[in-house]
Amino acid sequence: MVSQQLNKKLDELQQWFKENPKLPEKIDRILLRRFFKCMYYDVEATKKLIELNFSIRNKNPHIFLDRDPDDEEVKAIREVVEMVPLPGLTSEGYKLLFFRLADTDPKKLNSATECKAFFMLGDCRFSATDIEETPTTQHETVNDMKTSDTNDTEAENVDDILEDNFISNGEVQICDISGYTLSHMARISFSLLRMYMTFLQEAYPVRLRSMHIINCPPFLNKMIAIVKPFIHEDVYKMIHFHTDGMESLFEYIPREMLPNEYGGNAGEIAELKKIWTDELKVKRDFLMDEKYWKMDQTQNSRRWYWF
């Protein structure tokens, strides 16, 4: 349950989206909530983010539009690169994503298909709340708003609060790069890397809070030299390289939230992966429905983005 004021603003944004000839026919309501929270509930800023997001998508249809979770290449890349959202949220309200190579053969890595699979998983996740909206959680959320420091008048105005507690406050990525070699890096398309980083840093419907790189190889500096030109300075400051084991990671990430293989209690990676593989199948029609993703290009000829 979200407040009446928040629903009112979302209705306004949804109507704007529907009437905007530059955008697709539809937008998922929960995805819209993510855009709105990402821009700290600023309506005009949210509109700009949405337009940029869909412009980049439609400039790169081979990644964002021509997709199918059941495609054989996509299924194959999920056996090479494991991308796993971890259960729960941190105390700051952040969602954790875990990445690692499952197959270290460089020849099996296809950066375009990997990119497609990553954003498909994101669209699948972003169409659901991070905390299930059950009557129990709705009741707890309202009670959290009515704290002991809130007076009676403020408590009566809970419906005026612009806060969505069922959506994460941002994302934290954890990347295990053991197994990566310079041969893997040589297979990266720089034009694709530029687009990927532009979308992630400027058009993503969730704020990136930090990134943690674990099991770093001796040639880490060479890897950084390849990708750093595409990373904004403020984003680069969010990246933590853990070069002396895992203990330094636990200063930022609760150990228990990690997969079992990394000393946590979140479950085995194979089990977590299956949950999201099954969810992708459930949302296959949504992910492939052009009404949610494809823009009318004739309406965007004057406002087209390069990436």
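For clarity, every value in this text was computed on a predicted model and none was experimentally measured.

**Things to note about the overall build of the chain**
Phase 1 of the analysis: A count of helical and extended segments in the chain gives 14 helices and five strands.
Phase 2 of the analysis: Residue burial in the chain is summarised as follows: out of 307 residues, 49% are buried.
Phase 3 of the analysis: Looking at the chain as shown, the accessible area adds up to about 15,500 Å², and 48% of this sits on carbon and sulfur atoms.

**Brief notes about the pairing of strand β2 (residues 94-101)**
Phase 1 of the analysis: Along β2, six of the eight residues are buried, which leaves the element largely enclosed by surrounding structure.
Phase 2 of the analysis: Judged from the five bridges that link them, strand β1 (residues 81-85) and β2 form a sheet pairing that is antiparallel. From the neighbouring strand, Pro85 faces β2, where its bridge partner is Leu97.
Phase 3 of the analysis: Bridging between β2 and strand β3 (residues 170-176) involves seven bridges; their strand directions are parallel. Note that in β3 the partner of Leu96 across the bridge is Val172.

**So, the pattern of salt bridges**
Phase 1 of the analysis: Throughout the structure, instances matching the rule amount to 21 salt bridges.
Phase 2 of the analysis: Measuring nitrogen to oxygen at the nearest pair gives 2.8 Å for the salt bridge that ties Arg67 to Asp123. One end of the pair, Arg67, is in the loop between α4 (61-64) and α5 (72-80); the other, Asp123, is in helix α6 (residues 111-126), with 56 residues separating them in the sequence. Considered together, Arg67 and Asp123 belong to a single accessibility category, that of buried residues.
Phase 3 of the analysis: For the salt bridge of Lys75 with Glu72, the shortest nitrogen-to-oxygen distance reads 3.2 Å. Remark: Glu72 and Lys75 occur in helix α5; sequence separation between them is three residues, near one turn of the helix.
Phase 4 of the analysis: The partly exposed category is assigned to Lys75, whose relative accessible area is 32%.
Phase 5 of the analysis: Look at the salt bridges and you will find they share partners, linking Glu79, Glu82, Arg100 and Lys273 into a network.

**Points about the packing of α6 against helix α13 (residues 269-282)**
To describe two helices that pack against each other, one gives the angle between their axes and the distance between the axes.
Phase 1 of the analysis: The contact between α6 and α13 brings their axes to 10 Å, and the two run at 80 degrees. Relative to α13, the element α6 lies roughly perpendicular. The residues of α13 that touch α6, namely those facing Met120, Leu121, Cys124 and Arg125, are Trp276, Glu279 and Leu280.
Phase 2 of the analysis: The class makeup of the residues in the contact of α6 with α13 is five nonpolar, no polar and two charged.

**A few points about empty space enclosed by the protein**
Phase 1 of the analysis: Here the structure, examined in full by the defined rule, presents four cavities of 30 Å³ or more.
Phase 2 of the analysis: By volume, the largest cavity amounts to about 900 Å³.
Phase 3 of the analysis: The element that contributes the greatest number of residues to the lining of the largest cavity is helix α10 (residues 190-203), accounting for six residues.
Phase 4 of the analysis: Residue composition of the lining of the largest cavity, by class: 29 nonpolar, four polar and three charged.
Phase 5 of the analysis: Roughly 90 Å³ of volume is contained in the second largest cavity.

**Here we look at the environment of Ile77**
Phase 1 of the analysis: Examined against the element boundaries, Ile77 turns out to sit in helix α5.
Phase 2 of the analysis: The spacing of Ile77 and Glu114 is 37 residues in sequence and 6.2 Å in space, taken between C-alpha atoms.
Phase 3 of the analysis: Discounting chain neighbours no more than four positions away, the residues touching Ile77 are Lys108, Leu109, Asn110, Thr113, Glu114 and Ala117.

**Considerations on the sheet that holds β2**
Phase 1 of the analysis: Pairing in this open sheet of five strands is mixed, and the strands run β1-β2-β3-β4-β5 from one edge to the other. The strands lining the two open edges of the sheet, one partner per strand, are β1 and β5 (239-242). Between one strand axis and the next, the sheet turns by 15 degrees as a mean value, whatever way the strands run.
Phase 2 of the analysis: This element, α13, spans β1 and β2 of the sheet and lies at about 75 degrees to β1.

**Side note on the pairing of β3**
Phase 1 of the analysis: β3 sits mainly inside the fold: seven of its seven residues count as buried.
Phase 2 of the analysis: Alternating residues of β3 divide into Gly170, Val172, Ile174 and Asp176 and Glu171, Gln173 and Cys175, and every residue in both groups is buried.
Phase 3 of the analysis: Of the strand pairs in this sheet, β3 and strand β4 (residues 208-214) are connected by six bridges, and their pairing is parallel. Looking across to β4, one finds that Val172 is bridged to Ser210.

**With respect to the packing of aromatic side chains**
Phase 1 of the analysis: Taken as a whole and assessed by the stated rule, the structure comprises 19 aromatic pairs.
Phase 2 of the analysis: Three or more aromatic residues link up through ring pairs in this structure, and these residues are Phe64, Phe99, Phe118, Phe119, Phe126, Tyr196, Phe199 and Tyr204.
Phase 3 of the analysis: Sitting above the plane of the Phe54 ring, Arg57 keeps its charged end 5.6 Å from the centroid.
Phase 4 of the analysis: Arg67 extends its terminal NZ or CZ atom over the ring of Trp293, reaching a point 4.8 Å from the ring centre.

Calculation rules
Residues numbered from 1 in each chain as written. Predicted model: local features only at pLDDT ≥ 70, side-chain atom pairs only at ≥ 80, totals over all residues. Heavy atoms only, no water. Helix = DSSP H or I, 4+ residues; strand = E, 2+ residues; numbered from the N terminus. Buried < 20%, exposed > 50% of the residue type's maximum accessible area, 1.4 Å probe, protein only. Areas by Shrake-Rupley, 256 points an atom, 1.4 Å probe, with all protein chains shown as cover. Pairing = 2+ DSSP bridges. Salt bridge = Lys/Arg side-chain N within 4 Å of Asp/Glu carboxyl O. Axes fitted to C-alpha atoms, helices over the stretch in contact; angles between N-to-C directions. Parallel < 35°, antiparallel > 145°, perpendicular 65-115°, else oblique. Contact = heavy atoms within 4.5 Å. Nonpolar A, V, L, I, M, F, W, Y, C, P; charged D, E, K, R; others polar. 1 Å grid on protein atoms, 1.4 Å probe; cavity = no way out; pocket = protein on both sides within 12 Å on 5 of 7 lines; lining within 4 Å. Points joined across faces, edges and corners; volume = space filled by probe spheres on them. Phe/Tyr/Trp six-rings, centres within 6.5 Å; stacked < 30°, edge-to-face > 60°. Lys NZ or Arg CZ within 6 Å of the ring centre and 35° of its normal.

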